[in-house]
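Survey of secondary and tertiary structure
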Amino acid sequence: MKKKVIKYINKHINENFENKTIVITGGNSGIGFESARNFSYLKAHVIIACRSLEKGNDAINKIKQEIPYANIELMKLDISDKTSIVKFVKEIEIKHIDIDIFYHNAGVYRLPFELINNSDIITCTNYFGPFLLTSDLLPYLHSLNHPVRMLITSSCVASYTNMTNDLLYPHPTRSRMKRYSDSKMMDAILFKYLLENDKSNIEYIMVHPGVAYTGLINKAYKSKFIRIGAKLFLKTFANPLWKSGLSSLPASTKNAPIGAFIGPTHLFNTRGYPKNKNFLKRKYKGVDSFIKETEKILNQKLIKQGE
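First, a word on what this report is: a plain description of the structure on this page. Values in this document were obtained by computation on a predicted structure and should not be read as measured data.

Calculation criteria
Residues numbered from 1 in each chain as written. Predicted model: local features only at pLDDT ≥ 70, side-chain atom pairs only at ≥ 80, totals over all residues. Heavy atoms only, no water. Helix = DSSP H or I, 4+ residues; strand = E, 2+ residues; numbered from the N terminus. Buried < 20%, exposed > 50% of the residue type's maximum accessible area, 1.4 Å probe, protein only. Contact = heavy atoms within 4.5 Å. Areas by Shrake-Rupley, 256 points an atom, 1.4 Å probe, with all protein chains shown as cover. Core = buried A, V, L, I, M, F, W, Y, C linked by side-chain atoms within 4.5 Å. Salt bridge = Lys/Arg side-chain N within 4 Å of Asp/Glu carboxyl O. Pairing = 2+ DSSP bridges. Expected span 1.5 Å × (residues − 1). Bend = angle between axes of the 7 residues up to and from the residue. Phe/Tyr/Trp six-rings, centres within 6.5 Å; stacked < 30°, edge-to-face > 60°. Axes fitted to C-alpha atoms, helices over the stretch in contact; angles between N-to-C directions. Parallel < 35°, antiparallel > 145°, perpendicular 65-115°, else oblique. Left-handed = near helix turned anticlockwise from the far one by under 90°. Nonpolar A, V, L, I, M, F, W, Y, C, P; charged D, E, K, R; others polar.

1. Details of the overall build of the chain
Looking only at helices and strands, the chain features eleven helices and ten strands. Relative to its full complement of 307 residues, the chain shows a buried share of 58%. Pairs at least 24 apart in sequence give 75% of the contacts found in the chain among residues at least 6 apart. Accessible surface computed for the chain: about 14,300 Å², of which carbon and sulfur atoms make up 51%.

2. Section: the nonpolar core
In this structure, Phe 88, Tyr 127, Leu 141 and Tyr 204 are the most contacted members of the largest nonpolar core, which totals 51 residues. Not counting chain neighbours up to four residues away, the residues in contact with Leu 141 comprise Ile 99, Val 148, Met 150, Asn 201 and Ile 202. Counting residues in hydrophobic clusters, the runner-up holds 35 residues, among them Val 5, Ile 13, Ala 59 and Ile 63.

3. Here we look at the pattern of salt bridges
Scanning the entire structure with this criterion turns up ten salt bridges. Notably, a salt bridge pairs Lys 20 with Glu 15, separated by 2.7 Å at the nearest N-O pair. Here Lys 192 makes a salt bridge to Glu 196, at a shortest N to O gap of 3.4 Å. Pair noted here: Lys 192 and Glu 196 are both in helix H6 (residues 176-197), with a separation of four residues, about one helical turn. Taking the relative accessible area as the measure of exposure, Glu 196 reaches 42% and is therefore partly exposed.

4. Some remarks on the pairing of strand S2 (residues 45-50)
Of all six residues that make up S2, six are buried, and the element is covered over most of its length. Going residue by residue along S2, you find His 45, Ile 47 and Ala 49 tucked away on one face and Val 46, Ile 48 and Cys 50 tucked away on the opposite face as well. Where strand S1 (residues 21-25) lies against S2, five bridges are found, and the strand directions are parallel. Paired with Val 23 across the bridge in S2 is Ile 47.

5. Some details on helix H5 (residues 121-143)
Under the 1.5 Å per step criterion, the end-to-end length of H5 is 32 Å for 23 residues, consistent within 8% with the ideal 33 Å. The sharpest bend along H5 comes to roughly 40 degrees, located at Leu 137, with the proline Pro 139 sitting one to four residues further on. Judged by how many residues are buried, H5 sits mostly within the fold: 20 of 23 residues are covered.

6. Notes on the environment of Leu 133
Turning to its location among the elements, Leu 133 is positioned in helix H5. The class of Leu 133 is buried, set by a relative accessible area of 0%. Between the alpha carbons of Leu 133 and Ile 85 there is a distance of 5.9 Å; along the sequence they are 48 residues apart.

7. Topic: the packing of aromatic side chains
The final tally for this structure, using the stated rule, is seven aromatic pairs. Centre to centre, the rings of Phe 17 and Phe 39 are 5.5 Å apart; their planes meet at 70 degrees, and the pair counts as edge-to-face. Of the two residues, Phe 17 sits in the loop between helix H1 (3-12) and S1 while Phe 39 sits in helix H2 (residues 30-41), which places them 22 residues apart along the sequence. On the basis of relative accessible area, Phe 39 is assigned to the buried category, the value being 0%. With 5.5 Å between their ring centres and 45 degrees between their planes, Tyr 127 and Phe 128 make a pair best called tilted.

8. Some words on the packing of H5 against H6
As a packed pair, H5 and H6 sit with axes 7 Å apart at the nearest point and diverge in direction by 20 degrees. Considering the angle they form, H5 stands roughly parallel to H6. The two elements H5 and H6 meet at a crossing, and its hand is right-handed. Facing Ile 122, Thr 123, Asn 126, Tyr 127, Pro 130, Phe 131, Thr 134 and Leu 138 of H5, the residues of H6 in contact are Arg 176, Arg 179, Tyr 180, Ser 183, Lys 184, Met 186, Asp 187, Leu 190 and Leu 194.

9. A few points about the packing of H6 against helix H11 (residues 287-298)
The contact between H6 and H11 brings their axes to 10 Å, and the two run at 105 degrees. Comparing the axis directions of H6 and H11 gives the class roughly perpendicular. Here Met 186, Ile 189, Leu 190, Lys 192, Tyr 193 and Asn 197 of H6 lie close against H11, whose contacting residues are Val 287, Asp 288, Phe 290 and Ile 291. A breakdown of the residues in the contact of H6 with H11 according to their chemical character gives seven nonpolar, one polar and two charged.

10. Digging into the pairing of strand S4 (residues 101-104)
Of the two faces of S4, both are covered, the one formed by Ile 101 and Tyr 103 as well as the one formed by Phe 102 and His 104. As judged from the three bridges shared by S1 and S4, these two strands associate in the parallel manner. In the strand pairing of S4, Ile 24 is matched with Tyr 103. Relative to strand S7 (residues 148-153), S4 runs parallel, the two sharing four bridges. Note that in S7 the partner of Tyr 103 across the bridge is Leu 151.

Printed below as a string of structure tokens:
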């Protein structure tokens, strides 16, 4: 654990996480890994949900080497695969895992255009997957007899997308970065709809990590020189990875009001320590129509009747 992380936790996080369970999708690497390590330091029961069990176990072993008392385990989840999502939720129900915080973190960056189940891989992974997972998981979360905080990840680049229902359909000519920012705008719409329509024990918070160098950069750029240049640029002008991994901490405390959007606010919201600033407020238009179109495409209601 970096001394700066411990200093931030000691100064800003006064809540006891020892008896809380947090599920982090994509917790084996990048910002998800940083969050898993931070919550493990705070003695929470951490569940990493990721596609590769090998990489997940490697992440757990690394955290336990740093934090011997870490209470951390692994579950298999491929957020881009509906069958995997159904199995994941079923396992939670069978084990009756008492979830206090669910962190939608898993995602992909600017990948080449590729169709998965008639959807672009970025939209499928970053939006359709969390949509389906939330839909399947809500009945179980509603059955728990305590508040459950759900963190949904967006990005500062979402503010550069003008949201229309047309974005839900494949656009092979749209640039990688545009398709990524589109998906993060969709996550913001998902958050807004749930916040306004799910009046239950679920407390919805949106988080964004700012901009940091993660392993997603290596997958996004084929050129070695571009990857090196991106790494040097981000290390100079963006957040260090450990700082971007802090956003989930204040978002998980009682001090964060329901409906907050927490993340860095400096330099066009790309860097700095996390604060509450809803910079996407002006973008929330046509939310109901967008969710209805998503339900039509996926043939699944987000909030089922009678919940």
